[in-house]
Amino acid sequence: MQRTDILGVGFDNVNMAEAFERAEALLDGGSHYIVTPNSEIVYDAQTDDALRGILNRADLVLPDGVGVVKASRILGTPLKEKVAGVEVAEALLSVFARRGDSLYLLGAKPGIAERAAEKMTQIAPGLKIAGTHDGYFKDDAAAAAEVRASGADAVYVCLGSPRQEKFISENLGAMGCKLAIGLGGSLDVFAGEAKRAPKIFIKLGLEWFWRLLRQPSRIGRMMRLPKFLRAAKKEARRRKKEAK
Ligand code: UDP
């Protein structure tokens, strides 16, 4: 399926239901990974060839940010909607439980993954958690070997970007899972450590603003959002000129 190019990163133009369906299909065989870039990551990928390659080689690339959706409209190739990685992650839990596929949780501060696991088994009774590990390790190969030893069918990798994408790309084979997904701060959300924005913020496309209010230290990384939108406008002008 053709992807929608946003400043060098190709996104799958899917809504939440389609994303979920495509993710489920990836459990049928082989070894796959899903990425959920927001505008900060796409902005960085413009100058990080390795990261851009990793994003573009993913089996599913979901627009996890209103900035990305906004840029797609500026570029005249609108994406259907923001697809929040954490929502796909939650929807998949019942699929794992039904299929008997086990899930490994890798990332976040010590103790968080265990609490997230508890919450997940409440959401999807019967879900098998193969294992958990915090995200503050130095030895990537050892962490990947632990995932493999657990026999996990799927792994949620929550190390923040771009570390999680690079980890997945380098260790997918070593982990031996059918599916790996890079999910940023999602384990904090499941554990109740971080709250998602109230629905009205999400609906108005202001979840980023909510996160900034809760965590003002994000301002540095968020300054990439206006730069990202300016880059999209510039690219739109370039494309128009080229089309003439
Ligand atoms: N994290 C980690 N290892 C690290 C750095 C970060 O496991 O070396 C975790 C951090 O605890 C948090 C997540 O990665 O749970 C990143 O969260 P953030 O909100 O920054 O991610 P975003 O969803 O914005 O990419």
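Now for a quick tour of the structure. All residue numbers refer to position in the chain's written sequence, counted from 1. Note on the predicted model: pLDDT of at least 70 is required for a residue's local features to be given, and 80 or more for side-chain atom pairs to be given and counted; whole-chain, interface and lining totals, by contrast, use all residues. Note that the side-chain values use all heavy atoms of the structure and ignore hydrogens as well as water.

### Examining the state of the cysteines
Okay, step 1: Cysteine sulfur atoms are paired as a disulfide whenever they fall within 2.5 Å. Under the criterion given, the structure shown has zero disulfides.
Okay, step 2: Cysteine cysteine 158 shares no disulfide, and the gap to the nearest cysteine sulfur, in cysteine 177, comes to 13 Å.
Okay, step 3: Relative accessibility decides the category of a residue: with a 1.4 Å probe and only protein chains considered, values under 20% of the type maximum give buried, values over 50% give exposed, and everything between is partly exposed. With relative accessibility at 5%, the residue cysteine 158 sits in the buried group.

### Remarks on a nonpolar patch on the surface
Okay, step 1: Here the term patch refers to residues with relative accessible area over 30% and no salt bridge, with like charges joined within 9 Å and nonpolar side chains (Val, Leu, Ile, Met, Phe, Trp, Tyr) within 5 Å. All accessible-area figures derive from a Shrake-Rupley calculation using a 1.4 Å probe, and residue coverage is judged against the displayed protein chains alone. By definition, a salt bridge exists where a carboxyl oxygen of Asp or Glu is found within 4 Å of a side-chain nitrogen of Lys or Arg. On the surface, Val66, Trp208, Phe209 and Leu213 cluster together into a nonpolar patch covering about 340 Å² of accessible area.
Okay, step 2: Per the convention used, a helix needs a DSSP run of H or I reaching at least four residues, while a strand needs a run of E reaching at least two, with both numbered from the N terminus. Locating tryptophan 208 in the fold gives a position in helix H11 (residues 207-214).

### A closer look at the sheet that holds strand E7 (residues 154-158)
Okay, step 1: DSSP calls a pair of strands paired once it identifies at least 2 bridges connecting them. Read across the open sheet, the six strands follow the order E4-E3-E8-E7-E5-E6; overall the sheet is parallel. Of all the strands in the sheet, just strand E4 (60-61) and strand E6 (128-133) have a single pairing partner and so form its edges.
Okay, step 2: In this sheet, E7 lies alongside strand E5 (residues 102-107) in parallel orientation, the contact comprising five bridges. Bridge pairing links leucine 103 to alanine 154 in E7.

### A word on the packing of aromatic side chains
Okay, step 1: Between the rings of Phe, Tyr and Trp (Trp by its six-membered ring), a pair exists once the centres lie within 6.5 Å; its type follows the angle of the planes, with under 30 degrees stacked, over 60 edge-to-face, and the other angles tilted. Evaluation of the coordinates by the stated rule reveals four aromatic pairs.
Okay, step 2: Look at phenylalanine 96 and tyrosine 156: their rings are 6.2 Å apart centre to centre, the planes differ by 55°, and that puts the pair in the tilted class. One end of the pair, phenylalanine 96, is in helix H5 (residues 85-99); the other, tyrosine 156, is in strand E7, and 60 residues separate them in sequence.

### Some details on the pairing of strand E8 (residues 179-182)
Okay, step 1: Burial along E8 is two-sided: Leu179 and Ile181 and Ala180 and Gly182, pointing in opposite directions, are all buried.
Okay, step 2: Where strand E3 (residues 32-35) lies against E8, three bridges are found, and the strand directions are parallel. Counterpart to histidine 32 in the pairing with E8 is leucine 179.
Okay, step 3: One ladder, built from four bridges, connects E7 with E8; its direction is parallel. Bridge pairing in E8 places valine 157 opposite glycine 182.

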